[in-house]
Amino acid sequence: MTELVRLTDVIKVYQGGITGALNGVSLSIEQGEFTAVMGPSGSGKSTLLNLIAGLDRPTSGDVAVGGTDLGALGEAGLARFRRDHVGFVFQFFHLLPNLTALENVLIPAQLKGRESADTRGRKLLETLGIPEVAERYPAKLSGGQQQRVAIARALINNPTLLLADEPTGALDTHSGDQVMDLLAQLHREGQTILLVTHDAKLATRHAARVISVTDGKIVDDARLETTERSASDVVRVRSEETSR
Amino acid sequence: MSLKYGVLGLLAEEPLHGYEVKNRFETMLGGTWEVNIGQIYTTLQRLERDGLVRPVGARGDRGKLLYELSPSGRKALVSWLAQPDSGPQQLHEDIYVKLLLATRVANGGLPALLGRQKRAYLQRLRDLNQLEDRARRDGRNDLAQLIRGALLHTEADLKWVDELAADALGGKTE
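Residues numbered from 1 in each chain as written. Chains lettered and ligands numbered in written order. Predicted model: local features only at pLDDT ≥ 70, side-chain atom pairs only at ≥ 80, totals over all residues.

> Describe the pairing of strand β1 (residues 3–12) of chain A, with residues and values.
Residues and elements named next belong to chain A. Where β1 lies against strand β2 (residues 22–30), seven bridges are found, and the strand directions are antiparallel. If you follow Val 5 over to β2, its bridge partner there is Ile 29. Relative to strand β4 (residues 60–65), β1 is paired through five bridges, and the arrangement is antiparallel. Residue pairing in the sheet places Leu 7 in a bridge with Val 63 of β4. (Pairing = 2+ DSSP bridges. Helix = DSSP H or I, 4+ residues; strand = E, 2+ residues; numbered from the N terminus.)

Structure below.
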């Protein structure tokens, strides 16, 4: 396995003491890993994701993705990095209301100057199970459909890293499960995924690695086993043994 | 207590002999409760003594005896099903006692204990998730719901350990 993300002694201080600061984080993520980052709100987990995405810069310390030191990039270089290497899925979709679903999907591709991305955009919507929404506007779509459009947009440039910040947070259980199943499918196909969530059930269902962040620090980095266990090794229904 | 009612419930479907009761009970529980045949026979004998089940016909091949539910057995089953579980909450796990002792014993190592317990809960959540998926794949939605209950319990345990860890941390920095 090759290392894809490396954070070294990363500190992020926000002026005015806004929560979400990072207080000395070092971390390595390998290609193909599905990693979950858990922590209470204000713990710094979203900050961690934003720094890896190149959406924000650390106060001190280094962030490297795919061997590129993000600190060495200027604003234009950082924007190029984001466009070419990172797909980002947010809790509230962030689709542009005046563009159709397909046009939203194509935004990053057009930034990259790909005229022929149209076919790929349609194909992605089809793969994600929503080919019929291509010409519709976001307001006409359900939450689950909007999030799938957002996933298609995140995938349009074949990102090396897919970052998802509470991607099911605004969805009902069923749509949330569908979105997570899609991410799991992408992971099986080799996609590296970093998921921020406060839901331990969700994290452990999909990620074999669970990182816990509290007060800007990594307090636990658990690699979980995936071996199939028999039911009796995992859960037992017990009752009083004697029946009279 | 619920082995007794488990047996009554299975006999409410059709008359069964001891081994069939054991097999069906274990299948229903999806491996989360294993019983030995001795417990089943003892239970059947007690239920017969109390008039809740009765043998059907004479002993057949290899001494097998079929049992069926009596009308009072059916009544007892229906009344049990209608009752909510209202007894005290059962905390079976050692962690509760370990926690109390770790705070009393010098060098009880509470933060390390909580850290290891958190790992154990995360692993259990992962195992339960896999078990739930398997149950759904096998078309056992009833079993998946039981496992879902276990998942939510473990999630609560995890939150509890996180709270304790935050408390321990807060105490240390003060």
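Picking up after the structure, the text goes on.
> Which residues make up the packing of helix α1 (residues 2–13) of chain B against helix α4 (residues 71–82) of chain B, and what are the values?
When two helices pack together, their arrangement is given by the angle between the helix axes and by the axis-to-axis distance. All names here are of chain B. Contact geometry for α1 and α4: axes closest at 10 Å, N-to-C directions at 115°. α4 is crossed by α1, and the crossing has left-handed handedness. Where α1 abuts α4, its residues Tyr 5, Leu 8, Gly 9 and Ala 12 lie against Gly 73, Arg 74, Ala 76, Leu 77 and Trp 80. Residues belonging to the contact of α1 with α4 are distributed by class as follows: six nonpolar, two polar and one charged. (Axes fitted to C-alpha atoms, helices over the stretch in contact; angles between N-to-C directions. Left-handed = near helix turned anticlockwise from the far one by under 90°. Contact = placed C-beta atoms within 7 Å. Nonpolar A, V, L, I, M, F, W, Y, C, P; charged D, E, K, R; others polar.)

> Provide a residue-level description of the domain arrangement of chain B, including the pertinent values.
Domain annotation of chain B identifies domain 1 (2–82) and domain 2 (95–173). Taken over C-alpha atoms, the centre of domain 1 of chain B sits 35 Å from the centre of domain 2 of chain B. (Domains from an automatic or database assignment.)

> Run through the interface of chain A and chain B, naming residues and quoting values.
If you look at the interface, chain A gives 23 residues, while chain B gives 31 residues. Listed by contribution, the elements that provide at least two residues to the side of chain A that touches chain B are α7 (200–206), β10 (217–223) and α8 (231–234) of chain A. The biggest single contributor to the side of chain A that touches chain B is α7 of chain A, with four residues. Across the side of chain A that touches chain B, the residue classes tally to eight nonpolar, five polar and 10 charged.

> Tell me what's going on with the pairing of strand β3 (residues 34–38) of chain A, and back it up with residues and numbers.
Residue and element names in this part refer to chain A. Along β3, five of the five residues are buried, which leaves the element largely enclosed by surrounding structure. Pairing of β3 with strand β8 (residues 192–197), which is carried by five bridges, proceeds in the parallel orientation. Bridged to Val 37 within β8 is Val 196. (Buried ≥ 20, exposed ≤ 12 C-beta atoms within 10 Å, placed from the backbone.)

> A description of helix α4 (residues 117–127) of chain A should follow, citing residues and the corresponding values.
An α-helical segment advances 3.6 residues per turn. Residues three or four places apart therefore align on the same side. Residues and elements named next belong to chain A. Listed in full, the buried residues belonging to α4 are Ala 117, Gly 121, Leu 124 and Leu 125. Buried positions in α4, seen along its axis, are confined to an arc of 100° and lie on one side of it. Exposed residues pointing more than 90 degrees away from the buried face of α4 are listed as Thr 119 and Lys 123. (Arc of directions from axis to C-beta.)

> If you had to explain unusual backbone geometry to someone new, which residues and values would you point to?
Residues and elements named next belong to chain A. A positive phi angle is found at Phe 93, which is not glycine, with a value near 65°. With respect to the helices and strands, the residue Phe 93 is situated in the loop between β6 (86–89) and α3 (101–111). What makes Phe 93 buried here is the crowd of 21 C-beta atoms within 10 Å.

> Any details on the confidence of the model for chain B? Residues and values, ideally.
Of the residues in chain B, 95% reach a pLDDT of 70 or more, and the chain-wide mean stands at 90. Predicted as a complex, the structure gets a pTM of 0.88 and an ipTM equal to 0.86. (pLDDT = per-residue confidence, 0-100.)

> Go over the packing of α1 of chain B against helix α2 (residues 18–28) of chain B with me, naming the residues and quoting the values.
Residues and elements named next belong to chain B. Here α1 crosses α2 at 105°, and the two axes come no closer than 10 Å. Judged by the angle between their axes, α1 and α2 are roughly perpendicular. From α1, Gly 6, Val 7 and Leu 10 reach across to α2, where they touch Val 21, Arg 24 and Phe 25. Here the residues of the contact of α1 with α2 are counted per class, giving four nonpolar, one polar and one charged. (Parallel < 35°, antiparallel > 145°, perpendicular 65-115°, else oblique.)

> Account for the nonpolar core, with residues named and values stated.
One finds Ile 52, Val 105, Leu 125, Ala 152, Leu 163 and Leu 194 of chain A together with Ile 147 of chain B to be the most contacted residues of the largest nonpolar core, which totals 83 residues. Sorting elements by how many residues they give to this core places helix α7 (residues 141–173) of chain B first, with nine residues. Discounting chain neighbours no more than four positions away, the residues touching Val 105 of chain A are Gly 121, Leu 124, Leu 125, Val 149, Ala 152, Arg 153 and Ile 156 of chain A. Ranked by size, the runner-up nonpolar core spans 16 residues in total, among them Leu 10, Leu 16, Phe 25 and Leu 69 of chain B. (Core = buried A, V, L, I, M, F, W, Y, C linked by C-beta atoms within 7 Å.)

> Any details on the sheet that holds β2 of chain A? Residues and values, ideally.
Within a sheet, adjacent strands bond to each other through the backbone by hydrogen bonds, running parallel or antiparallel. Residue and element names in this part refer to chain A. In space, the four strands of this open sheet follow the order β2-β1-β4-β5, with antiparallel pairing throughout. The sheet terminates laterally at β2 and β5 (68–69), the two strands that pair on one side only. On the sheet, helix α1 (residues 45–52) packs against β1, β2 and β4 and is oriented at approximately 120° with respect to β1.

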